[in-house]
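The lines below spell out each chain.
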12 protein chains.
Amino acid sequence: MSDPTYKKIELTGTSEESIEAAVNNAIVKASESVRKIRWFEVKEVRGSVAEGKVHQWQVTIKVGFRLED
Amino acid sequence: MSDPTYKKIELTGTSEESIEAAVNNAIVKASESVRKIRWFEVKEVRGSVAEGKVHQWQVTIKVGFRLED
Amino acid sequence: MSDPTYKKIELTGTSEESIEAAVNNAIVKASESVRKIRWFEVKEVRGSVAEGKVHQWQVTIKVGFRLED
Amino acid sequence: MSDPTYKKIELTGTSEESIEAAVNNAIVKASESVRKIRWFEVKEVRGSVAEGKVHQWQVTIKVGFRLED
Amino acid sequence: MSDPTYKKIELTGTSEESIEAAVNNAIVKASESVRKIRWFEVKEVRGSVAEGKVHQWQVTIKVGFRLED
Amino acid sequence: MSDPTYKKIELTGTSEESIEAAVNNAIVKASESVRKIRWFEVKEVRGSVAEGKVHQWQVTIKVGFRLED
Amino acid sequence: MSDPTYKKIELTGTSEESIEAAVNNAIVKASESVRKIRWFEVKEVRGSVAEGKVHQWQVTIKVGFRLED
Amino acid sequence: MSDPTYKKIELTGTSEESIEAAVNNAIVKASESVRKIRWFEVKEVRGSVAEGKVHQWQVTIKVGFRLED
Amino acid sequence: MSDPTYKKIELTGTSEESIEAAVNNAIVKASESVRKIRWFEVKEVRGSVAEGKVHQWQVTIKVGFRLED
Amino acid sequence: MSDPTYKKIELTGTSEESIEAAVNNAIVKASESVRKIRWFEVKEVRGSVAEGKVHQWQVTIKVGFRLED
Amino acid sequence: MSDPTYKKIELTGTSEESIEAAVNNAIVKASESVRKIRWFEVKEVRGSVAEGKVHQWQVTIKVGFRLED
Amino acid sequence: MSDPTYKKIELTGTSEESIEAAVNNAIVKASESVRKIRWFEVKEVRGSVAEGKVHQWQVTIKVGFRLED
């Protein structure tokens, strides 16, 4: 069977800088243990507040990667 | 990189007693193999029926835990 | 044709005790007129308030049962 | 104009015991400052985990009350 | 009763710079009148267009804060 | 900071006449205590039944208004 | 058991006049065979077009009624 | 009153062959007891697995039919 | 190939009178440039407020029309 | 600017044979007037019924294509 | 504790033939590493287009399997 | 008839830099062929991954513009 199958896992990345950095942090982390990551989908953006401003961005994504044949 | 990343997995816990017990059963089971579980989110509540009443509660949750650095 | 077909009906059960009791009340009631109920799915949980606390749980479920051949 | 208008506010109640207790705690708290609460709708059930089991139920509800004429 | 209750309010922050700035503007504004803000959830991102490019980011968030005991 | 922030509140207006009247009743009521209402979004339309026909329209809306600088 | 149970059925009412009339037509029709209808919820509004304008409103509602003890 | 009213019922059809066959099986079954079925809407596709492959398709549909005048 | 294909476009119609008029205005406008419009689906109802009451209804619809063979 | 932009249009394809054929019919039709179609997303599956079985599959898809630079 | 717990994973299966084949391909692939798969739920159907027709079906499913005691 | 009608089209903008840049790229592109663009709504944020980090942001938006009288 040569039709590829992909798996999607759900991660929450965090950053004190930006939404983009939180997403990238999660993907960098996932790449330590998963190969062939191809795409991500942002599912939720939330965060914590401290001293009356945004303290941390928490971005939940799904990450898709190809399963090895 | 010190910004933590979390992973979320999806489980369906069951119980003949209550919704709360079904959730707790799933978390106890997950704790056998995953450390640092922090939170859960209830996604679906359903169940089976036998002899005209509720037989088993089936509660699907997402469980979030911190990935090791 | 031997592939079974199921019908789903929507009920709102009520109870002054708990969510579980409201679900069970609806299933017991449905069992008076429908046979072969197999499963339920919780669709909405709401309720009424009296004297500053929860008075009645109102839980809407879908109930699935097999149609007779 | 005699047609009543209702306002809905969103609260997250907590409890270490049950979903029902978390809802009731939020309604009791809201009743300290709002009169004529009539109904609630459960919007989200989540919670925290400690030592491998459920530690706290966190239930978000909308609470509806009648605005004074 | 010592279980905390949280209230969530819905705000739309705006900025000509970025999504992050629009969120932060709303939280800074809310902090003028609400204490103990703990978290936010992004619900909608939209904006206005002028002269063929983005003019203003309009980001709707829910902001959660603890009610005083 | 001159970027405006808006707040959205949720109301259920009622009318025995029409959906439009129920929405307008809620906005007129809100205008008694809130200034600078700019827009509304219809979230739910429901109602009560009496004597086999519609008795009352109940329309839930979100109302957006600008927070004072 | 004295806790009431309600059943919800789904109907699509039609009218060439208005959304309200389409809803009311469905409720009047349902009242021919169902007693104790208490409430309705609008689920979808659509319609047909003829000669470049709205020809018929088609409004899908859920209708709730109390099951006899 | 000549504006037609339609009723929608929810069924889950099954088949070991295909999604289309599962839908058709449900409609054929419904036609045994309901006349004037006009349309269907697919709401959910799921199924059971046996011996490492799809065993049965379970397709939930809503079926609309005209109520008799 | 004789199986018809339909295209759906999304429009926001406006009216100071009613939801129905806003929908109809959008369909009349679309009919200036598109032939064979068959149906519409209401997707969102919102509006602007002026002087403490509804000023303009803004109704977003999808409009379906048959593509020419 | 060399970052590509894509447009998505919404089509309803039909077939008396299968869901797949309905999708393919819509894409073949779209390809008559749009170049560089890259992907599609299935949004809704419904159909008409005649003589107690499925008569026509109606599948609504979004079709994405690259805009010319 | 004898109440079973299930885990759900998310996969995207692909096929140039049909939706059913794409689902089955994902399940066959998952069965290489997971035992006791019991059910699946279709979450999304999309695909790629080449030369003006469907080239590949991409079907995202959730797959449920029982965790070992 | 002087009530304005708006059309909404769906675009996916891309950028290797940020979500904001992807949105802006789509709007700049749309402005080449459409006049009177007034607003946009973000519908989906996803992207591709290369070498273990985010490679391209893909942001789907709806763009609203006024139809000419």
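The structure this text deals with has already been given above.
Calculation notes
- Residues numbered from 1 in each chain as written.
- Chains lettered and ligands numbered in written order.
- Predicted model: local features only at pLDDT ≥ 70, side-chain atom pairs only at ≥ 80, totals over all residues.
- Heavy atoms only, no water.
- Helix = DSSP H or I, 4+ residues; strand = E, 2+ residues; numbered from the N terminus.
- Polar contact = N/O pair within 3.5 Å; in protein donor to acceptor, adjacent residues only side chain to side chain.
- Contact = heavy atoms within 4.5 Å.
- Buried < 20%, exposed > 50% of the residue type's maximum accessible area, 1.4 Å probe, protein only.
- Pairing = 2+ DSSP bridges.
- Least-squares fit on C-alpha atoms with pLDDT ≥ 70 in both.
- Salt bridge = Lys/Arg side-chain N within 4 Å of Asp/Glu carboxyl O.
- Expected span 1.5 Å × (residues − 1).
- Buried area = accessible area lost by both parts, 1.4 Å probe.
- Phe/Tyr/Trp six-rings, centres within 6.5 Å; stacked < 30°, edge-to-face > 60°.

(A) Focus on the side chain of D:Thr12. Residue position: D:Thr12 is located in strand 1 (residues 6-15). Polar contacts involving the side chain of D:Thr12 include one to the side chain of D:Thr60, which spans 2.9 Å. In contact with D:Thr12, other than residues within four places in its own chain, are D:Gln58, D:Val59, D:Thr60, E:Pro4, E:Thr5, E:Tyr6, E:Lys8 and E:Trp39.

(B) Here's a closer look at the pairing of strand 1 (residues 6-15) of chain F. In terms of burial, strand 1 of chain F is largely enclosed, as 9 of its 10 residues are buried. Of the strand pairs in this sheet, strand 1 of chain D and strand 1 of chain F are connected by 3 bridges, and their pairing is antiparallel. Opposite D:Lys8, over in strand 1 of chain F, you have F:Glu10 as the bridge partner. Here strand 1 of chain F runs beside strand 3 (residues 53-66) of chain F; their pairing, made up of 10 bridges, is antiparallel. Of the residues in strand 3 of chain F, the one forming a bridge with F:Gly13 is F:Val59.

(C) Region of interest: the relation of the copies chain D and chain E. You can overlay chain D on chain E at an RMSD of 0.0 Å; the transform is a turn of 120° with a shift of 0.0 Å along its axis. Between the two chains, the operation in question is that of a three-fold axis. By C-alpha distance to the rotation axis, the residue of chain D lying nearest is D:Ile9, at 4.5 Å. Of the interface residues in chain D, just 7% have counterparts in chain E that sit at the interface too, so the contact is made through distinct surfaces.

(D) Focus on the pattern of salt bridges. Applying the stated rule across the entire model yields 98 salt bridges over all chains. As a salt-bridge pair, D:Lys8 and D:Glu41 come within 3.1 Å of each other at their nearest N and O atoms. Separated by 33 residues along the polypeptide, D:Lys8 in strand 1 and D:Glu41 in strand 2 (residues 37-50) bring together distant segments of the chain. Overall, the relative accessible area of 7% leaves D:Lys8 in the buried class. Residue D:Glu41 is classed as buried on the basis of its relative accessible area, which comes to 6%. We note a salt bridge from L:Lys62 to I:Glu10, for which the minimum N-O separation is 2.7 Å.

(E) Representation of helix 1 (residues 19-30) of chain E. Residue and element names in this part refer to chain E. The end-to-end C-alpha distance of helix 1, which contains 12 residues, comes to 17 Å, matching closely the 16 Å that a straight helix rising 1.5 Å per residue would cover. Summarising burial for helix 1: 9 of the 12 residues are buried, a large majority. Restricting attention to buried positions, one finds in helix 1 the residues Ile19, Glu20, Ala22, Val23, Asn25, Ala26, Ile27, Lys29 and Ala30. Sitting at the amino-terminal end of helix 1 is Ser18, which places a side-chain oxygen 3.0 Å from the backbone nitrogen of Ala21.

(F) Spotlight on the relation of the copies chain F and chain I. Note on the identical chains: chain F maps onto chain I by a rotation of 120° and an axial translation of 0.0 Å, with an RMSD of 0.0 Å. The residues that chain F uses at the interface reappear at the interface of chain I in only 15% of cases, marking distinct surfaces.

(G) A look at the side chain of L:Thr5. Mapped onto the secondary structure, L:Thr5 falls in the segment before strand 1 (6-15). Once residues within four sequence positions are removed from consideration, L:Thr5 is found in contact with I:Leu11, I:Thr12, I:Gly13, I:Asn25, I:Ala26, I:Lys29, L:Phe65, L:Arg66 and L:Leu67.

(H) Up close: the interface of chain F and chain I. Contacts between chain F and chain I engage 13 residues on the former and 14 residues on the latter. Taken together, both faces of the contact between chain F and chain I bury some 1100 Å²; the carbon and sulfur share is 63%. Put simply, chain F and chain I have 0 salt bridges between them. Within the residue set of the side of chain F that touches chain I, elements represented by two or more residues are helix 1 (19-31) and strand 2 (37-50) of chain F. Per-element tally for the side of chain F that touches chain I: the top contributor is helix 1 of chain F, with 7 residues. Pairing analysis gives 3 bridges linking strand 2 of chain F to strand 2 (residues 37-50) of chain I, with the strands arranged antiparallel. Across the sheet, the residue bridging to F:Glu41 is I:Arg46, located in strand 2 of chain I.

(I) Geometry of the packing of aromatic side chains. Counted by the stated rule, this structure contains 24 aromatic pairs over all chains. Geometrically, the ring pair formed by G:Trp57 and I:Phe40 is edge-to-face, given 5.3 Å between the ring centres and 75° between the ring planes. With one member in each of two chains, G:Trp57 in strand 3 (residues 53-66) and I:Phe40 in strand 2 form a pair that bridges those chains. Taken individually, G:Trp57 and I:Phe40 each receive the classification buried, so the pair is uniform in this respect. With a centroid separation of 5.7 Å and 70° between ring planes, the pair formed by K:Tyr6 and K:Trp39 is classed as edge-to-face. Taken together, the residues span a long stretch of sequence, with K:Tyr6 in strand 1 (residues 6-15) and K:Trp39 in strand 2 (residues 37-50) at a distance of 33 residues. Of the two residues, K:Tyr6 and K:Trp39, neither departs from the other in class, the shared state being buried.

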